[in-house]
Every structure is written in structure tokens, then in C-alpha cells.
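Commentary on secondary and tertiary structure
One-letter residues, chain by chain:
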Amino acid sequence: MWQRYSRQIFFPPIGEEGQKRIGRSSVLVVGAGALGTVLANNMARAGVRRLRIVDRDFVEESNLQRQILYDEEDAARTLPKAVAAVEKLRKINSEVDYEPVVADVNPGNVRELMAGVDLVLDGTDNFEVRMLINDACVKQGVPWIHGACVGSQGLSFNILPGETPCFRCIYQDPPPPGAAPTCDTAGVIAPIVNIIASIQSAEALKLLVGDREHLSRDLASVDVWENSFERVDLSNARRPDCPACGERRFDFLEARTGWLLLSMCGRDSIQVSPPPGGKVDLVEIAERLGQLGEVARNPFLLKFRADGREMVLFGDGRAVIKGTDDEAVARSFYAKYVGM
Amino acid sequence: MTGVIGLPGILVRVKLFASLRRHRPASAAGPDFVQSLTSGSTVEALLEQLGINGAEAAIVLAGGERRDPGYPLKDGDEVAIFPPMGGG
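Here the structure is a predicted model, which is why all the values come from computation and not from measurement. (Residues numbered from 1 in each chain as written. Chains lettered and ligands numbered in written order. Predicted model: local features only at pLDDT ≥ 70, side-chain atom pairs only at ≥ 80, totals over all residues. Heavy atoms only, no water.)

The next subject is the overall build of chain A. On a plain count of helices and strands, chain A comes out with 12 helices and 14 strands. Computed over C-alpha atoms, the radius of gyration of chain A comes to 20 Å, within 12% of the 20 Å expected from 2.2 N^0.38 for 340 residues, which places it in the range of a compact globule. On the principal axes, the C-alpha backbone points of chain A span a range of 65 × 50 × 40 Å. Split into buried and exposed, the 340 residues of chain A put 54% on the buried side. Expressed as a percentage of contacts within chain A between residues at least 6 apart in sequence, the contacts between residues at least 24 apart total 63%. Approximately 14,500 Å² of chain A is accessible, and the part contributed by carbon and sulfur atoms is 49%. Between the mean site of the 40 positive side-chain charges and the mean site of the 47 negative ones, chain A shows a separation of 4 Å. (Helix = DSSP H or I, 4+ residues; strand = E, 2+ residues; numbered from the N terminus. Rg over C-alpha atoms; globule rule 2.2 N^0.38 Å. Buried < 20%, exposed > 50% of the residue type's maximum accessible area, 1.4 Å probe, protein only. Contact = heavy atoms within 4.5 Å. Areas by Shrake-Rupley, 256 points an atom, 1.4 Å probe, with all protein chains shown as cover. Lys, Arg positive; Asp, Glu negative; His and termini not counted. Charge placed at Lys NZ, Arg CZ, Asp CG, Glu CD.)

To continue, consider the domain arrangement of chain A. Residue and element names in this part refer to chain A. Segmenting chain A into domains produces domain 1 (6–233) and domain 2 (260–337). Placing a centre on the C-alpha atoms of domain 1 and another on those of domain 2 gives a separation of 28 Å. Of the residues lining the interface, 17 residues belong to domain 1; the matching set on domain 2 comes to 17 residues. Roughly 1,500 Å² is buried in total at the junction of domain 1 and domain 2, and carbon and sulfur atoms are behind 60% of that figure. Three residues stand out in domain 1 for area buried against domain 2, namely Arg56, Phe58 and Asp184, and they jointly supply 34% of the buried area on that side. Taken together, the links from domain 1 to domain 2 amount to one salt bridge. When the shortest N-O distance is used, the salt bridge between Lys322 and Glu60 registers 2.6 Å. Here domain 1 is connected to domain 2 by five residue pairs in polar contact (both at pLDDT 80 or more). (Domains from an automatic or database assignment. Buried area = accessible area lost by both parts, 1.4 Å probe. Salt bridge = Lys/Arg side-chain N within 4 Å of Asp/Glu carboxyl O. Polar contact = N/O pair within 3.5 Å; in protein donor to acceptor, adjacent residues only side chain to side chain.)

Okay, structure coming up:
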């Protein structure tokens, strides 16, 4: 074990004691896209005890430019990202206890996903889920490390409940739909993803070894194309009137959950999510849909083409319907072929 | 500091981040610049003066704290403005 980690043990702020602490820790990476694969890679190589990776998506060719744990074969197999990431990570460090979870993080499952973790790392791509992570982490006192990027720009800051501002102290509410450019609409280059996720990973290591003194209290902002590296001090940015950490009102955690339809911005796709706890029989549905259109299936999902649209249906009943950005169309497609 | 000639005014130092840099006045030499405002001007008024739509300004920090649109800026405030960044 010590040979594998010798170079980070030689680094005095970690040392043998720090390595033991890393080796006892459990980390949750939410989202296994561009940031998430770099985060998971760094945590696995650093030697955490347990790494839980949750992602709702599957590998596509357009991911390969920046999502470092995937290859062409994963895309050809339409593997769920959480599964493909763990397959790769097992080859990198088999000593880690991996827990891939193919799911959409929602108010119904976030508590369970966070059970027993020391730290949550943000590899997500939208504000809604970050608000939910923030609520859950602030409520339970679990630190999380935010990261986001688009184009050549990115930012990161730490949320240490009770010590630093929380996500809602900084962004009170999610921006209105369409206000934030996404990687699918504005593009993104791999270097900024690696930089931001690496800043997050360094903060994660400080936290796991217990070096709180060196943890950043700043918002780090980088634009790798415009040659800008900046830090803004957030040490006075806690808001006593913050709904989450000030008033301890957890709006996103307490949101009612029913059928959720989510437009996947810039991708001409809608995600249809059934209420939590759903489960579908992919084998049975594949047989049925085979008579109505073109079907392909792996153990985790099925792909179905009909009416000029494509649907990917996961085992938890969630579906991504491509070829429309109209929620009503997606709803009726789902109702017609899966049932709701 | 003094403001616009003839009017009681304030000066604030503004730093725009990421995609908001395009709203920097042509005269600004570096990443940050000094903006002159009439006394009592709010965050909202500053955004309007810079041509930044409210939804584009996801984070406005002045004096190290997040400020609401109605916050009256003070002479000498350092204001950092970030657009929403959601990707990853």
C-alpha cells in the first residue's frame, strides 16, 4: 500500500498520518461528466476507502473530448457513466470500494446517497441539483466542494457548513431557465475542466487529511483562454438571512416530488423522471417496444427509436427523450410507449 | 472620492468576471475599473449603467458580502459581479 502512495506520503502536509486518514474516508462524487471523472480519478488514485459515484446519464461520443474515464468502446456500448467510470477506476486502483449508482439525484434519494460520506464533490451540471446538494449538506453538516465551468471559464468554492457561506448565501436561487450558458450550448474545453476539478480535488485532500487551516475561504475563478486567475475572499459572505444555513429552511430538500420533466438545455432532449422508488422491467418493455420500433438494450438501459425520436429508458423508469424540447411531446411519447 | 461633476456622487471599484467582461467600459485598462454613480445608487442602478441584465448577474459581492439588487452602494465599495455558471 505504501509504495503506491509513497509520493503523496513524502509530501509533508499529507505524510503517513494524512494517508491513513485518506484511506479511512468515504467520498461521494455527484455527476460523472467532465468535472466528475477528473474528481473520481483523483480520489481513486489518492486512495480513499470508499468512492460512491452517482450519475443519471450514459456515455456518448461527444463526451470523449473531456470526460477522462471514458473511451470509444464505452460510447459504443451506451454504458451508464457511473458503471463505465467504475470499470475504469477498478483498473486504476482496485483497493478502493466503489459504489456506482445510476440515478438522478432528487429529494427522495439524496439522503440515502449521502449516507456515511465525509465529503461531497460537485461534478454536476445544473443549479437545481446543486441547491439540493447544498440543502442536504448544510442540514447534515457535511462539507461539499462546488465546481462549475463553461467555455474556458470556471469557478470553485468550498462549502463548510457552519464555517463558510453556503451555496445559497452566494446564489440565493437558481438563475431563471436559460440564463446560464451550458456546456451543451456554449461549449467547453478540457483544460478548464481539469483545472477546476483539480482545485476541487486539492481542497478535498486538505479536508480529508484534516488540514482545515489551509482550506480555501475564497471563490477561485479561472479563465484559461483570457489568462485570468483570480480569487475573491468569501470569508464575510455568510448571510444571516440565508434560507438554508441562516434560517435552516431547506426548500429544495422539501420539494414535493412527483413526475418531473426537465429540459436538457441545448440538447433537444427532455428527461422524464417518475416519482422516486420507480422501477421498470427493461426486458419486458424491450419485447413490447420491439414490435413498435427499433430497440437496443444492455443490462442498464434500453434505446428505442420511433416517430422520429429516440428514447433512452433506464431501469429506474427515468427516460431521456431526444428530438424534442417540448415537455408535452415528451410526456405523451413516454405515456404512449412506457406508460405513466 | 468624488463623483460626477456637479452632482454629489460616489465611486465604486468594479470587477466583472467571466462572460460579463464584455460589459467593461472601453476606457477600462485592466480587469477592474472605477465607476462613478450618484449617491444612493443601488446595485440595480450599477448593473443598468453597465448594460448588464439582472439575470446575468448571478452573484454581486460588495464589501465581501452578497448584495441584493436594492442594496445602496457606498463610496469606495469594491464590487465583484459573476454570471451564472452551471456547467460541469
